[in-house]
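So you can see what is in the structure, the chains are spelled out below.
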Amino acid sequence: MTATLAAPVQDRNPLVAARSQLADAIALLDLGPGMLDMLATPRREVTVSVPLRRDDGSVEVLIGHRVQHNLSRGPAKGGVRFSPHVSLDEVRALAMWMTWKCALVNIPYGGAKGGVTLDPRQYSRGELQRVTRRYTSELMPLLGPTTDIPAPDIGTDEQVMSWMMDTYSVNRGHTVLGVVTGKPVALGGSLGRASATSRGVVHVALAALGHRGIAVRGATAAVQGFGKVGRDAARLLADAGVRVLAVSDQYGAVHDPAGLDVPALMAHVDSTGSVVGFAASEPMDAGDDLLYLDVDLLVPAAVEAVINADNAHRVRARVIAEGANGPTTPAADAVLADAGALVVPDILANAGGVIVSYFEWVQANQAYWWSEDDVNARLAERMQVAWEGVVAYAERRDISLRQAATTLAVETVANAHLARGLYP
Ligand code: NAD
């Protein structure tokens, strides 16, 4: 963030990326510097210490954050990340992107994000439960179904959401189902939530292939990241007739020019914890090589800034559908645009997760649950409306899909802010 940072570091700082995308949208909308400042600055930030008693009796103090970026359109909504890379700048950027995502797909939330800086693989289940409960407890004044509603993100899952919901409920003295989303179905979760992000990614990825004149059946794809988003994206792509040539995780990548057997790979990951060593495939020398394959579709579904100023010129995919948040830096965006690649931006491509989180919250608050077909149909409808709106706006103004998506979202949030007026 400071002028002393070297250019590559700036390029890979997600907050620098998020602010530059916002500035771009503000200029396209001809809004003034006051609105830029307003929307570049998070509404509320909390940093907490999370003291943990380890299983061996020692005490370790972890650091957690929660950032509420904007509340003009409704309660704050956004995931909680458990990762060694969590920093306040990263959480700020992710919170801002959540604001735009909710506005773009027209759900009545503002954006938030949270995280604890730890590598969950280094902690036992009991330790992770204690971290989750203490972190939730420290955030009690912020959280609630009408104020701030967390969800899973990198390193967290349905179990973490169950502990958060239980900790909040016990402290309130009654069960509050609507305080988190991404809960297990047995605990008031929604059918279809677990695969919703992937389903949305695949919906717009297939639409983008069609937009580029590439037939879906027989198209080729590579998927980076084989977690909650990547694995179901790979499965749904294969179900649609796309040949998934390569997938990776943080441990390595596997490749099969004939197309991977995704269900068999999922079973391998379930038993070993990684894609590495999957028998019916070739290992790739370096995990990042997957990004440079000559494929029709690339789905980055892992972490930020993986396509950046240093490597964007090596990416050969025709369409890039961003399952992850912030995988492409602004410098890389420019390189990819020059090369003619179509980038479907994160706030559109991975919005399926927050759309079904919204459905989960609606169902939980009404204590009335929908069928999985109903959830999936409503998700597809919203993804399609958002996709068409972004493509039409991009064509009308001759701008990229990212610029179009961000500009539409910023306009929606700015209008909400202007209608409410500045207090006092
Ligand atoms: P996850 O923890 O379930 O999975 C992350 C995956 O990425 C793992 O397979 C991990 O091994 C892999 N990975 C990490 N670093 C990597 C690297 N350098 N190269 C290759 N693989 C790497 O997390 P997730 O929930 O699937 O989230 C992935 C991305 O999608 C994040 O950017 C997240 O913010 C975004 N996202 C998630 C949701 C959701 O509903 N879970 C919704 C919207 C966006």
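Heads up: these notes are all about the structure in this document. Here the structure is a predicted model, which is why all the values come from computation and not from measurement.

What follows concerns the pattern of salt bridges. It is possible for side chains of opposite charge to pair when their charged atoms get near one another. One pass over the structure, following the stated rule, counts 24 salt bridges. The partner of Asp148 in a salt bridge is Arg66, with the nearest N and O atoms 2.6 Å apart. With Asp148 in strand β5 (residues 148–152) and Arg66 in strand β2 (residues 59–70), this residue pair connects regions lying 82 residues apart in the sequence. Comparing Asp148 with Arg66 shows no difference in burial state: the two are buried. The salt bridge partner of Glu322 is Arg402, with a shortest N-O separation of 2.9 Å. Placement of Glu322 in the loop between β11 (319–321) and α10 (330–338) and of Arg402 in helix α14 (residues 401–420) is noted, with a sequence separation of 80 residues between them. No difference in accessibility class separates Glu322 from Arg402, as the two residues are buried. A single network of salt bridges, built from pairs that share partners, joins Arg81, Glu90, Lys113, Asp153 and Glu304.

Let us now look at the site of the ligand. Near the ligand, the surroundings consist of 22 residues, among which Asp153, Thr197, Lys228, Gln250 and Asn325 are the closest. A distance of 2.9 Å is found between an oxygen atom of the ligand and a backbone nitrogen or oxygen belonging to Val229. In this structure, Gln250 approaches the ligand through a side-chain N or O atom, which is 2.7 Å from an oxygen atom. In isolation the ligand has 830 Å² of accessible area, and contact with the protein removes 85% of it. Its residues placed into classes, the shell around the ligand shows seven nonpolar, ten polar and five charged.

Moving on: the sheet that holds strand β4 (residues 110–117). Here five strands make up an open sheet; going across it, the order is β1-β2-β4-β3-β5 and the pairing mixed. Both edges of this open sheet fall to β1 (44–53) and β5, since each of them pairs with a single strand only. The sheet shows a mean angle of 25° between the axes of neighbouring strands, direction not considered. Relative to β4, strand β3 (residues 76–83) is paired through six bridges, and the arrangement is parallel. The residue bridging Lys77 from the neighbouring strand is Gly111, located in β4.

What follows concerns the side chain of Ser198. As for its placement among the helices and strands, Ser198 is situated in helix α7 (residues 196–211). Not counting the four nearest positions on each side in its chain, Ser198 is found in contact with Lys228, Val229, Asp232, Ala233 and Leu236.

Attention now moves to the packing of aromatic side chains. Tallying each qualifying case throughout the model produces five aromatic pairs. With 5.1 Å between their ring centres and 70° between their planes, Tyr109 and Trp361 make a pair best called edge-to-face. Residue Tyr109 is found in the loop between α4 (88–104) and β4, and its partner Trp361 is found in helix α12 (residues 352–366); the two are separated by 252 residues along the sequence. For the pair Tyr109 and Trp361, a shared accessibility class is recorded, and that class is buried. On the basis of an interplanar angle of 35° and a centroid distance of 6.2 Å, the ring pair of Tyr358 and Trp361 is categorised as tilted.

Cut-offs and rules
Residues numbered from 1 in each chain as written. Predicted model: local features only at pLDDT ≥ 70, side-chain atom pairs only at ≥ 80, totals over all residues. Heavy atoms only, no water. Salt bridge = Lys/Arg side-chain N within 4 Å of Asp/Glu carboxyl O. Helix = DSSP H or I, 4+ residues; strand = E, 2+ residues; numbered from the N terminus. Buried < 20%, exposed > 50% of the residue type's maximum accessible area, 1.4 Å probe, protein only. Near = heavy atom within 4 Å. Polar contact = N/O pair within 3.5 Å; in protein donor to acceptor, adjacent residues only side chain to side chain. Areas by Shrake-Rupley, 256 points an atom, 1.4 Å probe, with all protein chains shown as cover. Nonpolar A, V, L, I, M, F, W, Y, C, P; charged D, E, K, R; others polar. Pairing = 2+ DSSP bridges. Axes fitted to C-alpha atoms, helices over the stretch in contact; angles between N-to-C directions. Contact = heavy atoms within 4.5 Å. Phe/Tyr/Trp six-rings, centres within 6.5 Å; stacked < 30°, edge-to-face > 60°.

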